[in-house]
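Here is how the chains run, residue by residue.
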Amino acid sequence: MLGKHGIAQPVRRREDVRFLTGKGRFSDDVRCDGQVYAAFVRSPVAHGTIVGIDVATAAAAPGVVAVFDGDDLAEAGVGHIVARWPKYQSAQIQSARPLHTPRPGLAQGKVRHVGEAVVLVLAETLAQARDAADMVVLEIEELPAAVTIADAVAPGAPIVWDDAPGNIGLVWHRGDKEAANVAFAEASHVSQLSLVNNRLVAAPLEPRTSIAEWDEEDGRFTLIASSQGVQYFMEILCEQVFDIPRTEMRVLTGDVGGGFGVKEQPFPEDIAILFAARALRQPVKWTGTRSEHFLGDSHARDAVIDASIALDADGNFLALRVAVDDAMGSYYACNGTGMPLRNMPNGLALVYRTPVIDIDVRLILTHTNSVGPYRGAGREQASYIVERLVDQAARETGRDPIELRRRNMISPDQMPYATPVDRTYDSGEFEAVLDKTVELADWDGFSERRAKSERAGKLRGRGIASYLECIGGSPHEGAKIEFLDDGTVDLVVATQSQGQGHETSFVQVIAERLGLPFEAINLRQGDSDIAPRGIATIASRSMTMAGSAIALTCDAVIEKGHVAAAHLLEASVVDIEFSNGEFQVRGTDRKIPLLDLAVQVKEILVEDVPTNLDSSEEFEAPEQYFPNGCHVCELEIDPDTGVVTLDRYTAIDDCGIVINPPIVHGQVHGGVMQGIGQALMEEIIYDRETGQLLTGSFMDYRMPRAVDQPQMQVDFHEVPSPTNPLGVKGVGEAGIVGALPAIFNALADALATRGAVVDFQMPATAEKVWRALNR
């Protein structure tokens, strides 16, 4: 039983059959009796004052039930979405206070980006709602807009929020600036780079859909939404927006077609339709379009970076200095501030013994859509900064890039290792991972492959990147295990699978630890009424946090089972053993299977003997977790066209104990592909004068395709984490965190064969590469 379905076994994802046969149930598949359909009228300008809204024609259109604007929500006392600020020491804040940017369900007084929702139209059919929305006339006094970071901080720039002079929402510092000054002054060599982390859109397969209901009798909302976790939605909606106890809200999530961070929070559309459902006493359904995803769902990245590294004469890293302007858009996303103020700074130490790290961050407000978490969520920025600098330093000092990394790596005997950014690594064998990657990538055979490429008229380059990420987000998660009368077992969690395979990997943990049949265990998720304490599936945390909670809950089941089995088998508790799904009296053949015990225990009415084996536990992590790895990329450039083709890609990842190898392989493959997209093709672009979104569809925003995937070799180097019961570390974002610097380091290596340099930023489009070669 366990040989096929336990931990570390390549169990085929059980949910795939449902998805591949069209039996998935996504939010847009839900229909409620009496529902009306929602369509939004959005701002056509990036910045302006709302002078008037004429809804008369729309309200009289066929099938229209109601039309609402921001004033309606304000009069009803509906609140706003505001940022969740990461914890930090007050001394790190150099501006007066964190700025709040309250984001309404519908714009009130002003619009601050193209696509901001202004009016909600409700009708009997979706077509009627959309037709009527076209009839709404918005009178907006257009104002100048600041779209890019450079424009926003320029003297006299248009202001996004009046209480953020210069469009600077926060000025933040971390590290020892005086020690950094000394280190750079005494350094034998300093390498410096100016970098840009290009703005992206998450583009999950399934755009968001939400359905809101109001139960008049119970005085209670229900929201059915495509989310990454119902409990996080509950927090925002109950505590921020409607100011109600959680008993007055229920959030449900079915199958989810990808999230990548963008579906972790509720958005203005969710607020507006919840208000409308209560006002109309009817269910309201909104189905977002791909265009609306580009316009209104959180974007990602968008940072301007100046970074330097100081080395002594022997190549030892002395200090790292990083200054970042991070664009936040016009409204902070719920977790938008966590990327530049927590994830990126925490990760800058990477796998190296750099003794001093000095970090300056400014949060910049622009007249654009919000910037929120997307796979990597600041961790990719840390890796990109450091690994680009390390390669640059190796190139400038004539050192071997592998040996320079090796010289500065933290060794296993230094664990636990305290970094200068207040993280304590619990485990890691960084040099062993490096060596394993180099061997798998056939590093020594590169010169032969380069010569072959040159004979074909191509430029070949290779790049390496050692990465580490600090993952986990909120350090707690719960789990519940319930034994049903039909002999099956329900596992209840607050995390939410969006393609990660939780229905398989979570069940493997229970099958292993409780010795139960794989097919007898069912995962229940996506219901705030039954979900345990928890947050969501974000920050590569599901297996580290929820998986650990599941393991602890299994232990609680066994503990209760010992007492119950001792009673039924007429033995002392200390004589009861548990293995392979059975409780047995030590030294005898008297035993009872766990599932049988779960049924029989319900008939026991004896004091101090449990009447069921149902159990729930919570896991509190003592620290973040630190998955790490090494990636090697080989690519070719066609010098006549500038087209870049990735040929070989090797990744060795230490994500701790691997629960399901094929699922983890898939996570790495997917992350690398998204890294390829960001590095070579993807970019959200606004018109600098008007603030209009120029890349608002897949006609203008290029996504990676199957033909863009190189030959990939992926393997693991498992070093268990000692700070959770499963020894896991997380893997969801590993691929993209390693991919960005590996790809760009390979580009630099290829261009160097023609005496050219990487004097451009991501994405490395064919035009940029061609111009670099022909400058």
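In the block above lies the structure referred to throughout.
All values derive from a computational prediction rather than experimental measurement. (Residues numbered from 1 in each chain as written. Predicted model: local features only at pLDDT ≥ 70, side-chain atom pairs only at ≥ 80, totals over all residues. Heavy atoms only, no water.)

Considerations on the overall build of the protein chain
- Of the regular secondary structure elements, the protein chain holds 21 helices and 30 strands.
- Here the C-alpha atoms of the protein chain give a radius of gyration of 27 Å, agreeing with the 28 Å that 2.2 N^0.38 yields for 775 residues.
- Taken along the three principal axes of its C-alpha coordinates, the protein chain extends 85 × 75 × 55 Å.
- The buried share of the protein chain, taken over its 775 residues, is 61%.
- Of the roughly 28,200 Å² of accessible surface on the protein chain, 49% is carried by carbon and sulfur atoms. (Helix = DSSP H or I, 4+ residues; strand = E, 2+ residues; numbered from the N terminus. Rg over C-alpha atoms; globule rule 2.2 N^0.38 Å. Buried < 20%, exposed > 50% of the residue type's maximum accessible area, 1.4 Å probe, protein only. Areas by Shrake-Rupley, 256 points an atom, 1.4 Å probe, with all protein chains shown as cover.)

Considerations on the packing of helix α12 (residues 379-397) against helix α13 (residues 401-408)
- With their axes 9 Å apart at the nearest point, α12 and α13 run at an angle of 120° to one another. The element α12 and its partner α13 pack so that their crossing is right-handed. Side by side, α12 and α13 meet where Glu 387, Val 390, Asp 391, Ala 393 and Ala 394 of the first sit next to Pro 401, Leu 404 and Arg 405 of the second.
- Residues that form the contact of α12 with α13 fall into these classes: five nonpolar, no polar and three charged. (Axes fitted to C-alpha atoms, helices over the stretch in contact; angles between N-to-C directions. Left-handed = near helix turned anticlockwise from the far one by under 90°. Contact = heavy atoms within 4.5 Å. Nonpolar A, V, L, I, M, F, W, Y, C, P; charged D, E, K, R; others polar.)

Some words on the sheet that holds strand β25 (residues 582-585)
- Spatially, the three strands line up as an open sheet ordered β24-β25-β26, and their pairing is antiparallel. With partners counted over all chains shown, the strands left at the sheet margins are β24 (576-579) and β26 (591-593), one partner each. Across the sheet, the mean angle separating the axes of adjacent strands is 20° when strand polarity is ignored.
- Along the sheet face, helix α17 (residues 542-568) touches β24, β25 and β26 and points at about 130° away from the line of β24. (Pairing = 2+ DSSP bridges.)

Some words on the side chain of Asn 167
- Mapping Asn 167 onto the fold places it in the loop between α6 (149-152) and β7 (168-175).
- Here Asn 167 is in contact with Ala 146, Ala 152, Ala 157, Pro 158, Ile 159, Val 160, Leu 363, Ile 364 and Leu 365, once residues within four sequence places are set aside.

Focus: the pairing of strand β28 (residues 628-637)
- Among the ten residues of β28, ten are classified as buried, and the element is accordingly described as predominantly covered.
- Where burial is concerned, the two faces of β28 agree: the one with Asn 628, Cys 630, Val 632, Glu 634 and Glu 636 and the one with Gly 629, His 631, Cys 633, Leu 635 and Ile 637 are both buried.
- As paired elements, strand β20 (residues 459-468) and β28 share ten bridges and run antiparallel to each other. Across the sheet, Tyr 467 pairs through a bridge with Gly 629, a residue of β28.
- When β28 meets strand β29 (residues 644-654), the two strands line up antiparallel, connected through ten bridges.

So, the nonpolar core
- Of all hydrophobic cores here, the largest spans 125 residues; its most connected members are Leu 348, Leu 635, Ile 637, Leu 680, Ile 743 and Leu 747.
- Among the elements that make up this core, the one with the highest residue count is helix α20 (residues 734-752) (13 residues).
- Not counting residues up to four positions away in its chain, the partners in contact with Leu 348 are Leu 320, Val 322, Ile 357, Ile 359, Ala 382, Ile 385 and Val 386.
- Counting residues in each nonpolar core, the second largest holds 51 residues, with Ile 550, Val 609, Tyr 625 and Leu 726 among its members. (Core = buried A, V, L, I, M, F, W, Y, C linked by side-chain atoms within 4.5 Å.)

Details of the packing of α12 against α20
- Where α12 contacts α20, the two axes come as close as 8 Å, and the packing angle between them is 30°. Considering their axes alone, α12 and α20 lie roughly parallel with respect to each other. The crossing of α12 and α20 is right-handed. On the side of α12, the interface is formed by Arg 379, Glu 380, Ser 383, Tyr 384, Glu 387, Arg 388, Asp 391 and Arg 395, while α20 contributes Ile 736, Val 737, Leu 740, Pro 741, Phe 744, Asn 745 and Ala 748.
- Of the residues in the contact of α12 with α20, the class split is seven nonpolar, two polar and six charged. (Parallel < 35°, antiparallel > 145°, perpendicular 65-115°, else oblique.)

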